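Examination of the molecular architecture
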Amino acid sequence: MGELLSGRTAVVTGAARGLGYAMARGFLQQGAHVLVADVDKDAAAAAAEQLAAEGLTEATAVACDVTDELSVAELAERAARHGLTIWVNNAGILRNGDMAGMPLSGFRALIDVHVQGSWLGCKYAGMHIGEGGGSIINISSIGGKAGLAGQTNYSTAKAAILGLTKAAAKELAPRNIRVNTILPGIMRTAMAEQLAPEDLAARLTDVPLGRIGEPHEIADAAVFLASDMSTFVTGAALEVSGGRFM
Ligand code: NAD
């Protein structure tokens, strides 16, 4: 427990589980009030209850579909009533497959959630973060830097998030809103569990630190970027990957 974020309000999208949940938990442990936003509203409510059960009572579950502009706008307006300062664009999906067999809908779905969702998040967080400034964190991926076969949709979307981060960082800097991105490597979440075991083992051979990452290791990086520990950091791409594809 700490006080790096005490008195601040944070939004984390896709926070019902996985890395989003870990970041929400990390922010709560540093004294923030967190809106746990997810398209799966029952899972978001269960996540807030689970956090409360460990004494982290400042979590509020909110239904939000990041592909829906009105839904994102409403989330930002609600957060602004509490003094919004931190916003994490984390919601994500996978639709893996070779390009030849991938329907256009499988490409568009990734763009809708990851790219359009993050852009909407940057737009509305930028409009609703108050005069004191704040921090927006976009969750990209090492796959957006290196490109992964079988994930042309995902690598395209995650690379786009790098460009979005830099452009938004320039646009919002005059209002002291910092915009940074984290590139997780292979992390222990449900998303990684969708990989075949042999595929996971093959990928881990590329990791100099030689292991899968734990969700709290992304949360630690997010606390750094959300807090006053990083007041001169904007437009940065922070790889938290055990050195994979460095
Ligand atoms: P996850 O599948 O465990 O959780 C994703 C969450 O996003 C779920 O709760 C889901 O309901 C929610 N979500 C999906 N679509 C949504 C929408 N339209 N609106 C709101 N919420 C929505 O995934 P994860 O592994 O925790 O990944 C989180 C983020 O980190 C993603 O952006 C992912 O691409 C990125 N990432 C993950 C890894 C990894 O190894 N797990 C590696 C690199 C990057």
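Note that the structure is a prediction, hence the values are computed from the model and not measured.

Here we take up helix α2 (residues 41-53). If you check α2, its first and last C-alpha atoms are 18 Å apart, about what 13 residues at 1.5 Å a residue would give, namely 18 Å. Listed in full, the buried residues belonging to α2 are Ala 44, Ala 47, Ala 48 and Leu 51. The buried residues of α2 all sit within an arc of 95° when viewed along its axis, so they share a single face. Turned more than 90 degrees from where α2 packs its buried face, Asp 42, Glu 49, Gln 50 and Ala 53 sit exposed. Looking at the buried residues of α2, the elements they touch are α1 (18-29), β2 (33-38) and β3 (59-63). Gly 55 occupies a position one or two residues after α2 and carries a positive phi of about 90°.

Turning next to unusual backbone geometry. In most cases, non-glycine residues show a negative phi, while peptide bonds are predominantly trans. With a phi angle near 55°, Asn 176 is a residue other than glycine that sits in the positive phi range. Tracing the sequence through the fold places Asn 176 in the loop between α6 (152-172) and β6 (177-184). Overall, Asn 176 belongs to the partly exposed group, its relative accessible area being 45%.

The next thing to look at is the environment of Pro 208. Following the sequence through the fold, Pro 208 ends up in the loop between α8 (197-204) and α9 (215-226). A relative accessible area of 54% places Pro 208 in the exposed class. Measuring from C-alpha to C-alpha, the distance between Pro 208 and Phe 245 comes to 9.1 Å, with 37 residues separating the pair along the chain. For Pro 208, the contacting residues outside a window of four places in its chain are Gly 242, Gly 243, Arg 244 and Met 246.

A few words now on the site of the ligand. Neighbouring residues of the ligand: 28 residues in total, closest Arg 17, Leu 19, Asp 38, Tyr 154 and Thr 189. Residue Thr 189 places a side-chain N or O atom 2.6 Å away from an oxygen atom belonging to the ligand. The protein chains hide 92% of the 830 Å² of surface that the ligand would expose on its own. Listing elements by their share of the shell around the ligand, those giving two or more residues are α1, α6 and α7 (190-193). A breakdown of the residues in the shell around the ligand according to their chemical character gives 14 nonpolar, 10 polar and 4 charged.

So, how was this worked out
- Numbers given for residues are sequential positions, taken from 1 along each chain in its written order.
- Per-residue local features of the predicted model are confined to residues with pLDDT of at least 70, and side-chain atom pairs are confined, for both listing and counting, to 80 or more; whole-chain, interface and lining totals are unaffected and use all residues.
- Note: side-chain values were computed over all heavy atoms of the structure, leaving out hydrogens and water.
- By definition, any uninterrupted DSSP run of H or I lasting at least four residues is a helix, any uninterrupted run of E lasting at least two residues is a strand, and each is numbered from the N terminus.
- What a helix is expected to span follows from its residue count: subtract one and scale by 1.5 Å.
- Using a 1.4 Å probe on the protein chains alone, a residue whose accessible area is under 20% of its type maximum counts as buried, one over 50% counts as exposed, and one in between counts as partly exposed.
- For this quantity, the arc is that covered by the directions from the helix axis to the C-beta atoms.
- We call two residues contacting when some pair of their heavy atoms lies within 4.5 Å.
- Proximity is defined per residue: any heavy atom of the residue falling within 4 Å of a molecule or strand makes that residue near it.
- Side-chain atoms alone can form a polar contact between residues adjacent in sequence; in general such a contact is a pair of N or O atoms within 3.5 Å, and within protein one must be able to donate a hydrogen while the other accepts it.
- For accessible areas, the Shrake-Rupley method is used with a probe of radius 1.4 Å. Any residue's cover is judged against the shown protein chains and nothing else.
- Polar here means any residue other than Ala, Val, Leu, Ile, Met, Phe, Trp, Tyr, Cys and Pro, which are nonpolar, and Asp, Glu, Lys and Arg, which are charged; Gly is therefore polar.

Treat this as a map of the structure, not an account of what it does.
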